[in-house]
Amino acid sequence: MNVRNEDECPICLVPFPLLITPCNHRACQTCLERVLFATQSLTSIGTIVGEENIATDEALEDFIVSNSPTYGRCPFCRKCISLFDLKIERGEDNETKFIYDKRYDIWRTALSGMSFQDGMQNIILNFPNTDNDEPYVTITVDPNRDSNISFEKGHFFHEKTNMFHGTIDLSKGNHTTIQEKWDLVMQFASDFRFVIHGAIIKRPAGNIPDESLDELTAYPLAGVWVVRWQRSDQRGVDRNSLDAARLIVHGNSFYFQGFMYHINLGDEYEARVHFSWPSYVGSFKQVAESGINLQHNPNGPDVGETIVWNTTNPNFFRMFWTRETKENSLPPIRVQRLGALGTTFVKLQQKRKLEKPIYYSGAPWGNVFVQGLTVGYASYHFVSPDGDGEHGAYISYEHIKCSYWPPLDDGSPVPSRVPFVNTSYEPSTRTFRGQIPWHDRYGTSWQECTLWEYEMTFDSEFLCIVAGEVKNITSSTNRLPCEVHSYGHDLNYINCALPEKIHRESSEADRYIMRMRERLLKENAPQRTLVYIMQASIRVLENHQGIFDYNI
């Protein structure tokens, strides 16, 4: 019977120095990093657009683990652990020390002086460029007022993974009555143009009632409501015949038709109950006109009673909320995914000139080939046969859609541009070959692959890739591909300058498209690629705008 050495990692059985988890389990750094950096692809874990209520601690942990690099489950007891909780024993007295450095001096990191705004234009993350200022969040309370809230002590940045961790207490903000504490965990793209992964965990905070108080007093509108809208041209119409919908108020907030609203129970500017519409919808305010008086009934309207609202939106005359239920418990924890399938945060004041794609015939050089009609979504950029690195040929991961995919296996974000190496081009067969050496170039693998080997053949007019494959090689396969992807099957790429090529044909564009189809059939273009390029060509012919997404 073999007895394992106590200094061996119990996972890989290699005698590496062992790290200690908060739950007092031990494993080597490589094995624990593999667990903690294994954030899943968003396409494999479902979609949470907007926010979701979390009912159990386990569900909250699952959400954090799935969306936040540097978090994972202990491989032994399955407890949720963080990279920054791992320790190592050092010295003769076996003193334990944290192994990963946290940068508390944000102003000395790459985030210095940067600001990021969410897609709804309600939240701005601000990072200082001097040691006299703390990072803070600007939240739009209503069209005329912003609330600035500094991060609590203990916020930090991790340089290797581009991860920022911080907490804000909205109940401490000026001009806001939101009683929540937000934990922000976010990973920035390698070029810091947007947030690619992460989450905001929203917990009740501030003046939360204790057990001796009635929660209904603090959250008088919590519960289910039937909402009816009376448009300006419907004055005099019986409200019971108006269009209706249901919404659920948790605490003093509700989520409706893709937007979050925060109810203000009254302040120095407006004593009545009111709330502002998200700026993305319009700079409008909704005020309770009748049906609620918190001085006489601090628990809010009873079931069956109706609040009548007016609004500054000229399209609506009145709105009616009729109460169905009361909620007599604290608001649930809410979670908000960050990234392409959740809330997007984009760097402010970045001016990138979007160059119109130009079609080049005779060779791939100068052309850009895309999948999903999106530049920067693993698109191929052929710059020059004589250039090196990005000046030769590279793959672009600059579009926010790339946040669908996980980071590199060491937790660092995928580089925005990854150059091909060992490239060659054979004009007689129109075949390009090249490699992406993940491990040799970046010191790590991506989804366990250390090397990608490319071979792609173009059609005679360089409008699409008609043949070839990509071989994914791992360190454990002894240079044999563990996975092969084929062009025309799971990979379909076309030239994003296709509209320019078609427009050159002027009045003969429709005939050119049919000739192109016949030519591609003769050149044995795969059926999927043929359908793909024909659909795009027809949209060009019909003068559709924005066929290709150049938003990088």
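These numbers were taken from a predicted model, which means no experiment stands behind them.

Scoring rules and cut-offs
- Residues numbered from 1 in each chain as written.
- Predicted model: local features only at pLDDT ≥ 70, side-chain atom pairs only at ≥ 80, totals over all residues.
- Heavy atoms only, no water.
- Phe/Tyr/Trp six-rings, centres within 6.5 Å; stacked < 30°, edge-to-face > 60°.
- Buried < 20%, exposed > 50% of the residue type's maximum accessible area, 1.4 Å probe, protein only.
- Helix = DSSP H or I, 4+ residues; strand = E, 2+ residues; numbered from the N terminus.
- pLDDT = per-residue confidence, 0-100.
- Contact = heavy atoms within 4.5 Å.
- Pairing = 2+ DSSP bridges.

**Student:** Help me understand the packing of aromatic side chains in this model?
**Tutor:** Two descriptors summarise a pair of aromatic rings, namely the distance from one centre to the other and the angle between the planes of the rings. The final tally for this structure, using the stated rule, is 46 aromatic pairs. With a centroid separation of 4.8 Å and an interplanar angle of 5°, the aromatic rings of F254 and Y261 are classed as stacked. Taking relative accessible area as the criterion, F254 reaches 4% and is therefore assigned buried. Residue classification places Y261 among the buried positions, given a relative accessible area of 9%. Relative to Y454, the ring of Y380 has its centre 5.9 Å away and its plane inclined at 85°; by these criteria the two rings are edge-to-face. On the criterion of sequence distance, the pair formed by Y380 in strand β27 (residues 379-382) and Y454 in strand β32 (residues 451-458) is long-range, its members being 74 residues apart. On the basis of relative accessible area, Y380 is assigned to the buried category, the value being 2%.

**Student:** Looking at this model, I keep getting lost on the confidence of the model for the protein chain. Mind explaining?
**Tutor:** In low-pLDDT segments, the atomic positions of the prediction should not be examined closely. Looking at the protein chain, pLDDT values average 87 and 89% of them are 70 or higher. Mean pLDDT values over the elements of the protein chain span from 63, in helix α3 (residues 215-218), up to 98, in strand β31 (residues 431-436). In this model, residues 41-49 is a region of pLDDT below 50 whose contacts with residues beyond four sequence positions or in other chains number 22 contacts.

**Student:** When you look at the pairing of β31 in this model, what are you seeing that I'm missing?
**Tutor:** Working note: regular strand, side chains alternate between the two faces of the sheet. For β31, the tally of buried residues reaches 5 of 6 residues, placing the bulk of the element in the interior. For strand β30 (residues 421-426) and β31, the ladder comprises 4 bridges, and the chain directions are antiparallel. Counterpart to Y425 in the pairing with β31 is F432. Linkage of β30 to β31, two consecutive antiparallel strands, is achieved through a turn of 4 residues, within which R430 is found at a positive phi near 55°.

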